[in-house]
Structures are given as C-alpha cells and as structure tokens.
Amino acid sequence: MTDRDVIDRVAVMFGTTVTESSRAGRRVLYATRIKGSRAALLMRDLEPAMGARRRRAIAGSLSGYRPAARKLDYRAAEEMRRLRAEGARVTDLSRSFGVARSTVRQVVSRSIYTRPRELPWRAPIEPCCLDPCDGMSLVELHWLAGWLEGEGSFGRPPPSDPRRVRVIAKTRDYDVARKAGRLLGVSPQFAHDARERRLGWSPTWRVLKRGDGAARLMRALYPVMGCRRQAQIDTALAAVDLSVDGGGGSCTRVRGTRPGASTSVPVESDLGSG
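We now turn to the structure provided with this report. (Residues numbered from 1 in each chain as written. Predicted model: local features only at pLDDT ≥ 70, side-chain atom pairs only at ≥ 80, totals over all residues. Heavy atoms only, no water.)

## Concerning the overall build of the protein chain
At step 1: Helices and strands together make up the secondary structure of the protein chain, namely 11 helices and six strands.
At step 2: Sequence-distant contacts in the protein chain: of pairs separated by 6 or more residues, those separated by 24 or more amount to 63%.
At step 3: Total accessible area computed for the protein chain in this model is approximately 15,900 Å², and 50% of it derives from carbon and sulfur atoms. (Helix = DSSP H or I, 4+ residues; strand = E, 2+ residues; numbered from the N terminus. Contact = heavy atoms within 4.5 Å. Areas by Shrake-Rupley, 256 points an atom, 1.4 Å probe, with all protein chains shown as cover.)

As structure tokens, then:
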C-alpha cells in the first residue's frame, strides 16, 4: 500500500522490516511480510475475523503447510533447566531431548530460549484507545477501523447534501459488506455499472454512512487511523464546523504507543464475519 505509517505499524506487529518499490510516474508502494510458523499462527488467529473468501485462502495455505520439526522450544528449555537444577547430567539431557551437549549448556546458561516466542498481535487492547460508538464493542470498532483503513474513505459532504459527512467503503465480498452494514446500521448497495462489466471487473457492494452517525464514527476511530485517513476526517469534519480532539491537521497516533507502533486486536467470537 502507499501509506508508509500504516505499514510501519504492521511491521512492528510482525517483527519484520518494510520494503518499498516504485515505478516511474507512480507512487511508492510499501510492503511487509511474515512467513513460516509465525505466519501460520497469525492466519489461525485471524481466521475467525475474516470473510469467507479470506477464510478459504487461509484454509488453502494451511492445508499444504508442514512446520519444520523442532526439538526444542521455550517450554522444553524450561523443563531442561529444571531437570539440570535437580542434578540431571548434561549427557543424559542431551540424549533425552535429542540435542547436542553444547546446546544443553547454552539452554542451562540461558543463552538461548530465554523467553516464550513473542506474538505482538496477541497483546491486549489498550482500553483507552477508542471511545464507545453507537453500541459497538471495542473489538468491533477495531475490526471496522482496520477494514476502513484499507477499503474505505471519510468524505466531506457533497454540494447536494452540505451538512452530512460520509463514511464510504466498497468490497467485492457481500458477507463482509453485510457485516460492516450491520455495525453501521445501513444496508449494502450493489454496484456493477456498464463500464465495470465491460472491463470484466467483479461486482462490488458499497456501504455508506452519512450524517451525525458518520461524524460520531469518525471521532471514535480517529486515534487508530493512519495519517491519510486522519487528514480525511479532519477535512470532512471541518467542512461542517466540527473537529476531532487532538486533530488540527497533524497525524495523531494511538495513545500509549511509540511512532510506528500498533495496537493489536485479539480474536474474539464477535469478530466473526457473519
């Protein structure tokens, strides 16, 4: 995507770096990726929150995944340290755990396997980050924030309706649009005009929230949105003489995080796509 600040936050959660690519005359694109066993864990954690198409993609990816056999992990290392403290010999531990004696010594001296594997996306949500909005739970608001960051926009009122700001998003997945519409209290609208059909584009579903409810949502989501979306919200609310606390045109990050950090969302049952 083109928003470096958003990709920076994702990279912090992945524990990876950001790459960039560009073509002449086009905007720079930023990306980060996670792979292997950590990617498999992330897929399993996110699966309940995803739409049907993404769930099928996850199932397909995991169906052929065979994790590398590991002789040791943090739990096994702790057990090895306990046995050594009780008098077990290094040679016996080497045979029992199927590792070299030098590895046993490193484990016992706490040179390796010193703490459990870190999965930053499982960190608890900070309760102060978002304010309640129209009966949505904290988890639902975070889900909506993530979806709108990628698929939505926050718009000024059109000339034909100058007092009502708009939150709008499009997706090809009806089940996702239906979930977003349920949270926003609106019905998804089918869109597939002649140009889209001529070009072979997939039909889309549009979700549109207008007026006071859209303004409340903008204020509620503002702390966790990226800089570009925050600028859209500032512009939209200024057009109807409203403002966001902490706004004023600058990029406001989630309270309690460092630049580039992200607030993560644990998967809960009410994140399901139904």
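Having seen the structure, we can now continue with the description.
## Brief notes about the pairing of strand E6 (residues 204-210)
At step 1: Bridging between strand E4 (residues 166-171) and E6 involves six bridges; their strand directions are antiparallel. Across the sheet, residue Lys-170 finds its bridge partner in E6, namely Arg-206.
At step 2: Sheet topology places strand E5 (residues 189-191) next to E6; three bridges connect them, and they run antiparallel. Within E6, the residue paired with Ala-191 across the bridge is Thr-204. (Pairing = 2+ DSSP bridges.)

## Let's talk about the packing of aromatic side chains
At step 1: Per the counting criterion, the structure on display carries three aromatic pairs.
At step 2: Plain terms: the ring middles of Trp-143 and Trp-147 are 6.0 Å apart, the flat faces sit at 15° to each other, and that makes the pair stacked. Separated by four residues within a single helix, Trp-143 and Trp-147 lie in helix H7 (residues 138-151), roughly one turn from each other.
At step 3: Residue Trp-143 is classed as buried on the basis of its relative accessible area of 13%.
At step 4: Measuring from centroid to centroid gives 5.1 Å for Phe-190 and Trp-205, while their planes differ by 65°, and the two rings are edge-to-face. One end of the pair, Phe-190, is in strand E5; the other, Trp-205, is in strand E6, and 15 residues separate them in sequence.
At step 5: Accessibility expressed as a relative area gives 51% for Phe-190, which makes it exposed.
At step 6: A relative accessible area of 22% means that Trp-205 is categorised as partly exposed.
At step 7: One aromatic cluster is present, built from ring pairs that chain together Tyr-174, Phe-190 and Trp-205. (Phe/Tyr/Trp six-rings, centres within 6.5 Å; stacked < 30°, edge-to-face > 60°. Buried < 20%, exposed > 50% of the residue type's maximum accessible area, 1.4 Å probe, protein only.)

## As for the nonpolar core
At step 1: In terms of nonpolar packing, the biggest core is built from 32 residues, with Leu-144, Trp-147, Leu-148 and Leu-217 touching the most fellow members.
At step 2: Among the secondary structure elements, those contributing two or more residues to this core are H7, E4, helix H8 (174-184), helix H10 (212-221) and helix H11 (227-238).
At step 3: The contact partners of Leu-144, leaving out residues within four places of it in the chain, are Met-136, Ala-180, Leu-183, Leu-184 and Leu-217.
At step 4: Leu-72, Met-80, Val-90 and Val-99 belong to the second-largest nonpolar core, a separate cluster that totals 10 residues. (Core = buried A, V, L, I, M, F, W, Y, C linked by side-chain atoms within 4.5 Å.)

## Topic: the pairing of E4
At step 1: A one-sided burial pattern is seen for E4, the buried positions being Val-167, Ala-169 and Thr-171 and the unburied ones Arg-166, Ile-168 and Lys-170.
At step 2: In terms of strand pairing, strand E3 (residues 152-155) meets E4 through four bridges, oriented antiparallel. In the strand pairing of E4, Gly-152 is matched with Ala-169.

## Overview of the sheet that holds E6
At step 1: The four strands are arranged E3-E4-E6-E5 in an open sheet whose pairing can be described as antiparallel. Looking at which strands have only one partner, the edges of the open sheet turn out to be E3 and E5. Mean inter-strand twist for the sheet, computed between neighbouring axes without regard to direction, equals 25°.
At step 2: Packing against the sheet, H7 makes contact with E3, E4 and E6, and its axis sits at approximately 75° to E4. (Axes fitted to C-alpha atoms, helices over the stretch in contact; angles between N-to-C directions.)

## Side note on unusual backbone geometry
At step 1: Here the phi dihedral of Arg-110 falls at roughly 60°; this positive angle occurs in a residue that is not glycine.
At step 2: Mapped onto the elements of the fold, Arg-110 is located in the loop between helix H6 (101-108) and H7.
At step 3: Its identity as a non-glycine residue notwithstanding, Asp-134 has a phi of 50°, on the positive side.
At step 4: Checked against the element boundaries, Asp-134 lands in the loop between H6 and H7.
At step 5: Overall, the relative accessible area of 47% leaves Asp-134 in the partly exposed class.

## Quick notes on the pattern of salt bridges
At step 1: Enumeration over the complete set of coordinates arrives at 16 salt bridges.
At step 2: Between Glu-78 and Arg-110 there is a salt bridge, with the nearest N and O atoms lying 3.4 Å from each other. Of the two residues, Glu-78 is situated in helix H4 (residues 74-85) and Arg-110 in the loop between H6 and H7; the sequence distance between them amounts to 32 residues.
At step 3: The class for Arg-110 is partly exposed, based on a relative accessible area of 43%. (Salt bridge = Lys/Arg side-chain N within 4 Å of Asp/Glu carboxyl O.)

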